Every structure is written in C-alpha cells, then in structure tokens.
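Below, each chain spelled out in residue letters.
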Amino acid sequence: MPGSGPPTKVRLLMHVRVSLALLASIGAAACNFSQAGLDPTPTTMNFPIAIELFQPDPAAADASHLFVVNSNFDLRFNTGSVQAIDLARVNDLLASECGGGGEDCVLDRLTFIDDNRADMHPVILDEVGLGSHADGLALRPSDQRRLYFPVRSTRDLTSIDFDPASGFTCDQSYRAEVEPGTARWDAADIPRCSDAHRVTRREAVANERELDLTGDPVAVAVVPSLDVGSTEVGDFLLMALRDGRVALFLDDGSGASPELLHIADGFPNNLVTLTMEPGTGVGWLTAVGTNEIARVGIVVDSGTPSRSFVYDGGRLRLGGIDDGQDSRDIQFHPQRPDTAFILSRRPESVIEVDLQRRGLTNMDFGLRAVFEVGRGPSRLVTTVIDGRTFVLASCFDAQRLFIIDAEVGALVAVVGGFSGPFETVIDPHANRLYMVDFSVSVIRVLDISPLASGGVPTLIGTLGNLTPVMSLTGN
Amino acid sequence: MKRVLFFPALLALACSNPTPTAPPAAFDRPEDVAFFCWNLTTNSVTALADCRPPTPSSVDDDDGEPPVGYALHALVTQTTTGEVAAARITGTDGEPGVIDTDVRIPGYTFAAVGDVPSALAVSRIDPQNVFVLSRGSADVSVIHTADFRRGLGAGSTAFPLPGDRPLPSAMRLTPDEDALLVALPETGQLARIPVSGETLGDATLLDLVATLPDPVDLRMVAAESLPPRWLYTCDAPSLYEPPIIAPRDPVSLEVLPGPAAMIEDPITREIIVADGALPLLHVIDPVSFTETLTIGISVPVRALALTPLVPATIESTTPTERYLYAVDATDGSILAIDWSDRARPTFGAVLPVEVQPPYDRLNVPFPARALAVVSPSYDADEPIVACADAQDGGYASGVNLHGVFLAVGTVDGRVRFYDVFDEDTECRGYDCGGGRDLDVEDQIVAIGRHRPRLGAYMSVGVSLDPSPTWDTDSVGVELVTDSGVTGAPDLVPVLTPVTCDAPLDSLFPEEGTPLVCAVRDPWAAISQSFIATFEGAIPFTSTTGANFEDGGLTLVTHTDYCSVGVIGSLDVPTDGGAYLGGYAGDVVAVTGDLPPSILSTTDEALLNRCNALTERTTGGDITPVLIQIEHVESHPDDIHSSYVGRLRLREALIRPATATVADVLECYPELLEMEVRSQNSFVVTAGRRGFQHPIVEGASHFCEVDAARADALQRGRAFFDSVFQTTEVTFALGARPGDITGRHPELQMTVADVPTGLNVDISTVGGTSGASLLTRLVYNDVDDRLYAVDQSVQGLLRLKLSRLSVQQTFR
C-alpha cells in the first residue's frame, strides 16, 4: 500500500546493506588466515613420497636406518615430516612377531625407540617436520649424515643433519604448546626444522646473477666437487624445477645451509626425475611430454667456486619408439657403463639404451630392448644379485612391481599386493627392498633374495598403519 | 518458454554424441597368441582346419568367416595377471569378443596359470588341451581347452621344469604333437617333455652345440650358384644389385648357447632353433632329439620366420627357393638366410639384400620386435596364378597381398611388409600390365624379393623437390638453375658437373649433365634434406661451459671432439691428395656475450677493449671471436675426468687478427659459450645421418683422419673447386665467390617423392589410440589373417591381408 513502510528504493538499499554485511561476516569467518591447521600426530606416516637408506658401506653391512619422507599430500596436517627408522629393530620385530615376516606381517603401531609401552612397535629413532609436499631426498655421499629435500611448499631446498645415534638436527622446535617433560610420543605435535634449514643462502653471486628460485622443485642430486673438478670445495647440489630449469647449490661443508649459485633454463618442461650418471658429474633429466632425455652438467670455477655454472649438456631422443613422449625415470646399469634403463609411460615399458651407439640419427639413443611393464610405471631401481643385474619398476596403476632380468633380457616376475607402489630402495647387502606404498601410507618390505635362484620376491612386512585415502570431508 | 525448450535441446545434444567409446580393456599385457576351432554343433573343440573359410570369390567376399557351425577362437597370455584369456574371433554381431571364463565372478575372469606366462602351444589336430609356458614360475600349465567356453572357470595343472633356474624362453609342440619342446637359455639346452593327454612326462635334456662353424662366404661361390634375384619392374629407374660381401665377423654374447625361439620346418619336419647368445642356428630332429645341423650366421638371433618354397626368378614357374628370416639380437635388424637346398653351397648364407650399407640387412628403419611370414592365397604346388582376384586388374595394388611376404613389427608400433613372391605382378604397371592394370597412377612399379613392399602407386620417381636453393645469409634465397648458377655469383659458388657412381643416379637437373647425384632406387632412397653451410658449426660442439687453461692456450669442455668430427690444423693428413689433406683445420667461435662481471665493471678501459674485441653493439650483438684450433684431443690423460675434450689453440686470433687468446681470456674470465666451425669449407649434414666424418681418436688421444672411413665416403666437409661425395649424395662446388667472407650461405637440397613402404600403424585403430608396444606377429594360415599382439593399447589385432586393413581388435 502506498505510504506503508520505507519507499522502494530505500527498501532496496536496506536489503543491499544487510546482504553485504552478511557476506562480510561470512567472508571474515571463512578467510581466517590465522588458523594454524592440524598439528601432526607423532610417528604418523602420511603419504610417504621418498625413502632412502642410511648405509655408508653397502658392500660391508646392512643398512642401519631407513629415512621416510612424508609429503602430507592431502594437507591433512600443517607440515610434512621425515622419519628415521631403526632397521635392526624392524628385523627383530619381524622375527619375534611374524616368525621372520610374511605378507600378513603389519607393524602398524609405530612409535619411538624409547617408548616402552606394551604392544607397540618402537622402531622410529627420530622425526622432524619439514615443509609439505617434499618431492625427493638425497644424502651427502661422503657420510650420508646430511639430507637434502626439494620442498614444494617452500619452493626451496631443505637440509637436515643426521646422527645415527641421536637423530636429526635442524634447530627443530615444537610449534604447538607442549608441556616440558611430555614424552615425545604423547606430544600433540612434532618438532619442526627451523626456517634457517628450509631455505638456502643467497650471497653476492646470487644477487649479481639476479637468481629467482621459483617454481616446483621435483628432484635433487648431490655431486661431490671432486667428481667435477680437481679441487675439494664441498658438494654441489642440483635441483630440478618442474618448469624446465635446474638450480645449482654449493654446500661447502661448514654446516651452514647450501648457497644458491646458478639457475639454468631451457630444459624440457614437466621435469620428473634427475639421476646422476656415475662418475661423470652429468645429470640426466626425464620429463613428461617429450621424447628427449636432457642432460645437465656442472662446470667448476676452481678459482671462485661460487661462480660455478650449470650448463645444458644436450639431449638424446627416444627415437623410433611409439612414441616415447613420457619418461619417468632413468637408471644406469650397475655393471655396464654403456647401458641405461629408461622407464617410459608411452609405451609403458623399460627401455634399455646403448649410451655409446646412436640410433637412426646422432640425436637418438641406440635402442637395445623394450620390456613391457604394467600400467602407470613410476620409478625404477636396479640391483645386482649373484652377479646378475635386475631392473625393478614400480607401476602405480597396476599396483605391482615388475622385475626384469637384464642378463636374459626378459620380464621374470610380477609382484602384487600393493595399493600405490612408488619409490623404491634396495639394501644390496641384506637383499631387502623397501617400497613406498603411497596410496595407503605405509612402507612395504620385500625379501628379494629368491631372485638369485629364479624365484619371486616375497612381501615380508609392512611398516605403518594402512590408511586408505580419505575424502576431503573426512568421511 | 525458451527456458523450457533449452534444456531438452541440451540433453538431446549431450545424448547424441556419435563418437563410439572404446570398451574398457580386459587384457593386461598380452604376449602370445594361439588358436583353436570350436564346433558349435557338437559344442567341442575340433581340428583347426575345420575353421578354414570357403575360398572367397573376391577381396570383398574375404570376410574370414569359417563354415557355418564353426567358430575360430584365440588364446592370449596375460603377463601382468598370470592368466590366459580366450576370445572368439568369428561369428555374427555380438558373438566375437573376449570370453569371460567364469561368469559367476564380476568382470572378466581368465584361466590362472603361472607367473609371467609367455608362450602357448595348442594342437592343430586335436586341441583338447592348452599348454602354457610361464617364465617367472618356470612351469608348464595344462588347461582343458573346452573349459574356456564353459563359463564356470578354467583350472590348470602346473608341471615344473627341470633345473634350478630354468627361465624358459620358448615352447612349441613337436610336429607329431607328442611332446613339448622348451628352450632353456640359462643352461644352453632344450627340454623334450612327452605329452600324454593332460599329463606331461619327465623331461629329456639336449645340450646344444656350442662350437662355431664358419659362416658361408658367398665370395667363394661361383657366380652361377649365387642366390637368384626375383624382381619385377615397370618403368623403374636403374636398380642396382646388392654387392656380394664377406660375412661379418662372428659375435657371441655368451659362452653357452642361449636358445631363444623355435620354428618348425614343414618340409623336413625338423625344428630350427634361434640362438640368442651364440651366432648359430641349431637344427633339431624332434624324434631322435638330436642336433642334426649347426649353422654359423655371424650374429645371435632371437626370432625366426621361414617362407614356403617360391619361384627363383620372375620367369620361373617352379618353386625352388626358401628363405629364413631372423632378428639380429644385437641390434634388432633383420637378416635373410638362404634355406633352399642343403646340397647347395649357399645354404645357410646370410644374403646381401640391400644396395646401401649394411648390405646384409633388410631395409627396416627401426629395431624389430616380431616377424612372421604370411602367404595369403598362396599354394606352393600352384605358385603361378594369373592375378588371383584381379578382375582385369581392378584389385592388383600394393595393399592387396597375394603370395608370400614378410611382416615385421618394429618398436615404433608399425607392421611393415617385405616382398618375397607377389602373385599379382603381371597385372601391375599401367604400361606393362598387358592392359589388365586400369589405374593410370600405377606407372612406376618395383617389386623385389627382400625389399620393402611399396603400398602406393607411383606416378613419378624420386627427385629433388624443390630444386636446390641457396639461402644467402639474410640477403635472400637463390634458386639454382639447371646449369648450376644462381643470380648471386658473388655470394655463393656454382654447382659444377659430376659423375654419378652406382648406386647413385642423377637427380638434378631432370635432363642433361648431372649436378647432383643421390639414390633413386625406390626402396633405398630416403626422404631427407642435405644442407651445406659455409663455415657452419660442427653439430654437437656448442657449449656454455668451456674452460680456459694454460693461460688461454687450451680449452677444455665436456665434448668428445673426435667422435663429433673436429680436426685441428696440425692433425690433418700430410698427404695433400688425401681427404682433408691440406685442410686449414677447424676454428673456435666464441658466441657468448661478454659476462656480467665485464659488462658491469667500473674499469672503463677494460670494457672498451672487450667491446672492441667482440665488436659489441649497444643492442648487445657481438661478432664472434674466431680462434684457430691446432690440435684436438678426446679423453686426454692429464685433465680431470669430468672433462672429455681439449682444444689446443693458436695464440694469434683469426678474428680480430690483431688480438691474441690473452685478450679473450681477459674479456671472458668466466666460463665460455662457444662452438666449433669449419674453416673455408662447408659443413654438410643429412637429415637422417647428420654430419658424417672420418675422424677418430688416435692412440695418443689426438683426433685424426681414419683413411678407411674417408675411403668409405664418411665425409662431412665440402670444399671449393672439388667434388663432395658420400654414399648418399654427390655434388661439386665451383670457385670461392668474391664476397663470401663473413657470410654463411647455405645450400639446401631435398630428396622427395620417395615412396613409403607398406605399413600398418597399430597404435591408432578405431576409437582407441595410444603408444603401442608390439610384441608378437602370428600368421594363421587357416583364415589367412595376420594377428598382432600389442601389449600396450590394442590387445590382439586381426589383420586382413587380401586388402590390408585391421579387421578386428580384441582387448
């Protein structure tokens, strides 16, 4: 009715103001950037992405510890982590609880080695937090007591020191409130590495060269300086960035974080892995979307090491393959320096290449053999058992491990029972294989000694609590 | 209203997608295939021959369907899951397809066998049982064949193989089908396992011979006894004979034999065994289980295919020749072996089959993964048939296969075909077919034994197209006339007359005195471009990481200079008549801009000197400094192992002539960006083989010219007033033009109109595509079809040969 209530325009304005106020309050609640997120529960594996063995002398002794890098892929927690697992304790538990191990042997109540509670599996020496979405791990070759991680959340290189007696050192501290005297397994958090260990130093050279370390780090490799020069200046680090660049760092061994020296671009986009060719100081890069395998080298400025460069060492093509446009890993034959194995997703196979003979053109690899593997090949590892070289390919989508006998040139075994097999590492002294089972956040332990007699490797244990992928709502 | 109509329209559009979606794959890494025939009336297995289709009256009627009441089936091993799957190949709509062996279980269920099943054997006469060899579990599983169709599951019984680590590589039934033969490469043995119904007996082992007889040397054979040449041509260019060459030096990969594959010789009923470790073929009598013959063939091989008897020459009417093809285990190439008559001196000889090196290998561009001999519509008792279904020549073409052919599956996912005996030759060629060829495009015909089958009609021969051109280094492009001159005589040299030596022929000009020679043989020609660049960069010599040493008199890099063909002025042959004798040597060109430490220096004098050295413009462009190379080394003993090559430089520069290497060192205190260029010559690169050269690393690690390689025409530098000759191209350049200094003109010649060999790309078939991995080719002589196994995408493909096409896929 005319005259009842405010005029139409005023009513409309009131509606708008109320709506805006409502939206603002909702927005403020939703965009509260001060929320810290969920602190991780100690000794939890959450989407492990990389593993490595602490084994300074593989020929003389079994590995003593296993490093597990948890990527926190689902961002369930506010940090990723790295754990050091005491393998002697693992072996003791496999023997005592599982009669030596078997496919049903699951050590799912992981805790720290000083936790004496009953019915637990005290195998973890230490654990610290690092950025989420770490994408690899490399150890200092000389003593394996420094670990390097390419971390996507910080877009930088994290370095952590390790002592097999005491654990990790990275100026770590808790973020959350933890009462003094609280056992670390009862704490509501894990200690995190300080920011000083999460980033690398930028000194004069980095500024002069206007280096901008951006992009996704995907892989890291350590190159002793004597591998590329005649003067001992420490260790060089190569870090591959997904967008086709490679960064060079120098760790001078002083204990400080590595220094960023150079970034080279022009490598293929969508880099996946970086593997050093033994004894050459040349890194080989695999990538998605190209049939080229790129190479990166380091040239040392012996007078001023901080002025050293990385350079593009040229590319070789998987020519003649249908179509070779997706390579996920490359490993070098442990016994033949002229041979390498490339893990390809197009086609899904392991391709044996001759590093000295060229193919159809001088830019093509000489092809020796192509071995079929399962769907979704992801990572490759080689081992020598009784003088025979085996190539093992983890196939994520096929949920299996494919094993090729390089001597006979044939697929000889397919091992199943996994959910998301990914990165793999082998203890050659103990003939043990440790594999990340990404999809269920555990580590699988396999006995590969049967390969010596033509048998099939057996699953002897699982470390961690099998955790299927949860929905984002937590249901 | 509009809103009401919009959504139904959208729904209709969404539901009317005409593109058929491929069904999800049931196979998981298939590897081997075998066949059996099923009697639909009695609901039981029957002899494979019962599924032979009636003889079609024409290509269109060739549907491969067996007589009514029968159905052809295939068995396919599944490597990932350790199973054997069955598929019905023939039938009406809805019937052909993968068979679910146990319908009680959701999804496809197949018969479980051992780990990594790799070979199948099924009787052609009475296929009651299927025998499956599993490499991983080293056993043979036996499955009752009928169980595959029962729908209630198919169990298997495993029989372990003898030995600690058998790692068997192959298996087949003996010709009498009373035993299985299994190849055991780990011990260099064959195992003979008696078969009695569903039961396997104890194995008997045979040690294969390990002594190496000499391979047959065709040079020692009288000319009239050499293998005949079967060849049909019509209006073809001159074709050359493959040369008779010495057999290769034998190569052994192991000490013991390593049996890799086995085939049956249907005439002698013996078994021929490919040895994947020693350069041998073993011939086995399966009855006495003894090795009756051992033949040396120079290389280990890993797959075999044997032709039926075929006529010797185009005039012959009686089939007298047979050929055994094998895959070279060292490089995946294909060799052809005479297998005609053991009484002949050529029996077992690896035959020369190509006119270009390597002469003793078929022209297969990529490593082979599988091979099979196919013989659609061929009867050795009546080999000469007047254009089988030609119907006055209507169907005779490169894609209609009637006769005997070799199919080769290569790593690039293609199946390629090679002629052995084509029954339709007399209908080919518009001018030669006696009026039976009605297609005017079929002008040039070349069909030759062991040569690639040409699928398309040829109306023009191999040529240079376009005509040769000179890119005059940013001044413009000049066309070379038929007399070899251009419109820029001061910038580029003329092409002068040459003589074409076999197997090259004149390619330019079309008529008159040859100026450019290349291969015109339609099988051997390669579609590629030849580019000659004046003072161009030697390929693979560019680097950003060169390091000065010795006060600037040497450069060390990561380049293996000898392998890429760099030569210094003091390393060239002293004989001026030899190739590269008298050559001034290659040069270093510093191509990188001044480093930031120089550009940002506060030392103005230094900056000015460096700008002058590089003639640097305000825009940052430089003129490369050129430094003479005196010596070139690869892998010298006295440099760090991370470096590979060393260049020893002359102190005085070539450009600028007033400077020295010390000046370069001053202006480039950091790592150097550089490349190596030729001097006063042209760098010639071919599209396929790149830059060829005769340079090798000498005993002292200095790079030197290998005379044998130079004589073999492995050359990459062309000079003024001389002929440039390789095995692929010949041309000659005239005198140095007056205005060429500082420029880099480029001659480009493109060989075109090269016919492509007949091939089938199995990676893209129907609605599915992807990267393929061909693993097996099996010819089924019952339905005259070639079956290909693609482990990656397509599964099992059925290829119709009478008109080459993919008829069906099973995945």
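Since we're looking at a predicted model, the values are computed, not measured. (Residues numbered from 1 in each chain as written. Chains lettered and ligands numbered in written order. Predicted model: local features only at pLDDT ≥ 70, side-chain atom pairs only at ≥ 80, totals over all residues. Heavy atoms only, no water.)

Caption draft 1: Summary view of the overall build of chain A. Looking only at helices and strands, chain A features four helices and 30 strands. Taken against the 2.2 N^0.38 rule, which gives 23 Å for 475 residues, the C-alpha radius of gyration of chain A at 25 Å falls within 12% of a compact globule. Per-residue burial for chain A yields a buried fraction of 57% across its 475 residues. Relative to all contacts within chain A whose residues are 6 or more apart in sequence, the contacts with residues 24 or more apart total 53%. Put simply, chain A shows about 18500 Å² of open surface, and 51% of that area lies on carbon and sulfur atoms. Put simply, chain A has 38 plus and 62 minus side-chain charges, and the middle of one group is 8 Å from the middle of the other. (Helix = DSSP H or I, 4+ residues; strand = E, 2+ residues; numbered from the N terminus. Rg over C-alpha atoms; globule rule 2.2 N^0.38 Å. Buried < 20%, exposed > 50% of the residue type's maximum accessible area, 1.4 Å probe, protein only. Contact = heavy atoms within 4.5 Å. Areas by Shrake-Rupley, 256 points an atom, 1.4 Å probe, with all protein chains shown as cover. Lys, Arg positive; Asp, Glu negative; His and termini not counted. Charge placed at Lys NZ, Arg CZ, Asp CG, Glu CD.)

Caption draft 2: Up close: the overall build of chain B. When you go through chain B residue by residue, the secondary structure sums to seven helices and 55 strands. For the C-alpha atoms alone, the extent of chain B along its principal axes is close to 100 × 90 × 65 Å. For chain B, the residues scored as buried account for 57% of the 811 residues in total. Within chain B, contacts between residues separated by at least 24 positions form 63% of all contacts whose residues are at least 6 apart in sequence.

Caption draft 3: Molecular detail of the interface of chain A and chain B. Facing 49 residues of chain A, the contacting portion of chain B comprises 45 residues. Here chain A and chain B share an interface that buries about 3800 Å² over both sides, 53% of which is from carbon and sulfur atoms. Put simply, chain A and chain B have 13 residue pairs in polar contact (both at pLDDT 80 or more) between them. Contributions of two or more residues to the side of chain A that touches chain B are made by β17 (292-299), β18 (309-317), β21 (348-358), β22 (365-372), β24 (388-395), β25 (400-405) and β26 (410-415) of chain A. Top contributing element to the side of chain A that touches chain B by residue count: β26(A), with five residues. Its residues assigned to classes, the side of chain A that touches chain B shows 25 nonpolar, ten polar and 14 charged. (Buried area = accessible area lost by both parts, 1.4 Å probe. Polar contact = N/O pair within 3.5 Å; in protein donor to acceptor, adjacent residues only side chain to side chain. Nonpolar A, V, L, I, M, F, W, Y, C, P; charged D, E, K, R; others polar.)

Caption draft 4: How the structure looks around the sheet that holds strand β28 (residues 414-422) of chain B. Residues and elements named next belong to chain B. The four strands are arranged β26-β27-β28-β49 in an open sheet whose pairing can be described as antiparallel. With one partner strand each, in any of the chains shown, β26 (368-374) and β49 (759-761) form the two edges of the open sheet. Each strand of the sheet is rotated relative to its neighbour by a mean of 20 degrees, with strand direction disregarded. The sheet contact formed by strand β27 (residues 403-410) and β28 spans seven bridges and is antiparallel. When the bridges of β28 are listed, Leu406 appears paired with Tyr418. (Pairing = 2+ DSSP bridges. Axes fitted to C-alpha atoms, helices over the stretch in contact; angles between N-to-C directions.)

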